[in-house]
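# Breakdown of the fold
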Amino acid sequence: AALQFTSTLLSDLGKRANGMIAFVPSHGGALVSGLLRGAANTCPRNQMKQLANVLYMLFEGSPKDQVATWLQTSLSASDFPGSGADGWLHDQEKLAFCQLCMANLPREKFEVLVRYFFDVCRKEGRRESLVEMMSSSNGG
């Protein structure tokens, strides 16, 4: 329900540019953190596409430096799912995810990125998927 509300809210705010400009800088960091944590831990699989869409709207309508700060702050927290001294989520995967989020991917490819990253966070995916996606987006 919260994901649907956020999606509707951002979509509605996007239609009124002034609303988006006022809302996102104040609350974007908290939204990104909550969405990333939920996806890495408790978000049902059938809602992952909707979650990716919400992130895409947030990132698309915000300055790149702000998006980078939100991502780095959220992912660098020691209590982010999969992080910590004995965690399975490494800085390489976090960095690849951040860089790909900043790469102006088409929506469909962004959805794939989100699914890959959160599969890794949940120990259900291969770390190499993110690195391979990074290589292919760089033309390599």
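### Concerning the nonpolar core
Among the nonpolar cores identified, the biggest contains 38 residues, and Phe110 and Phe118 are the most heavily contacted of them. Among the elements of the structure, helix H2 (17-41), helix H3 (48-60), helix H4 (64-76), helix H5 (91-101), helix H6 (107-121) and helix H7 (127-137) are those that each provide at least two residues to this core. Top element by residues in this core is H3. It accounts for 9 residues. Those residues in contact with phenylalanine 110 that lie beyond four places of it in its chain are Ala52, Leu55, Tyr56, Phe59, Cys101 and Leu105.

### Quick notes on H4
An ideal rise of 1.5 Å per residue puts 18 Å on 13 residues; H4 measures up with 18 Å between its terminal C-alpha atoms. Turning to H4, its buried residues number three or more, namely Val67, Ala68, Trp70, Leu71, Ser74 and Leu75. The arc that holds the buried residues of H4, viewed along the axis, is 165 degrees, so those residues lie on one side. Across from the buried face of H4, at angles greater than 90 degrees, the exposed residues are Asp65, Thr73 and Ser76.

How each quantity is defined
- Residues numbered from 1 in each chain as written.
- Predicted model: local features only at pLDDT ≥ 70, side-chain atom pairs only at ≥ 80, totals over all residues.
- Heavy atoms only, no water.
- Core = buried A, V, L, I, M, F, W, Y, C linked by side-chain atoms within 4.5 Å.
- Buried < 20%, exposed > 50% of the residue type's maximum accessible area, 1.4 Å probe, protein only.
- Helix = DSSP H or I, 4+ residues; strand = E, 2+ residues; numbered from the N terminus.
- Contact = heavy atoms within 4.5 Å.
- Expected span 1.5 Å × (residues − 1).
- Arc of directions from axis to C-beta.

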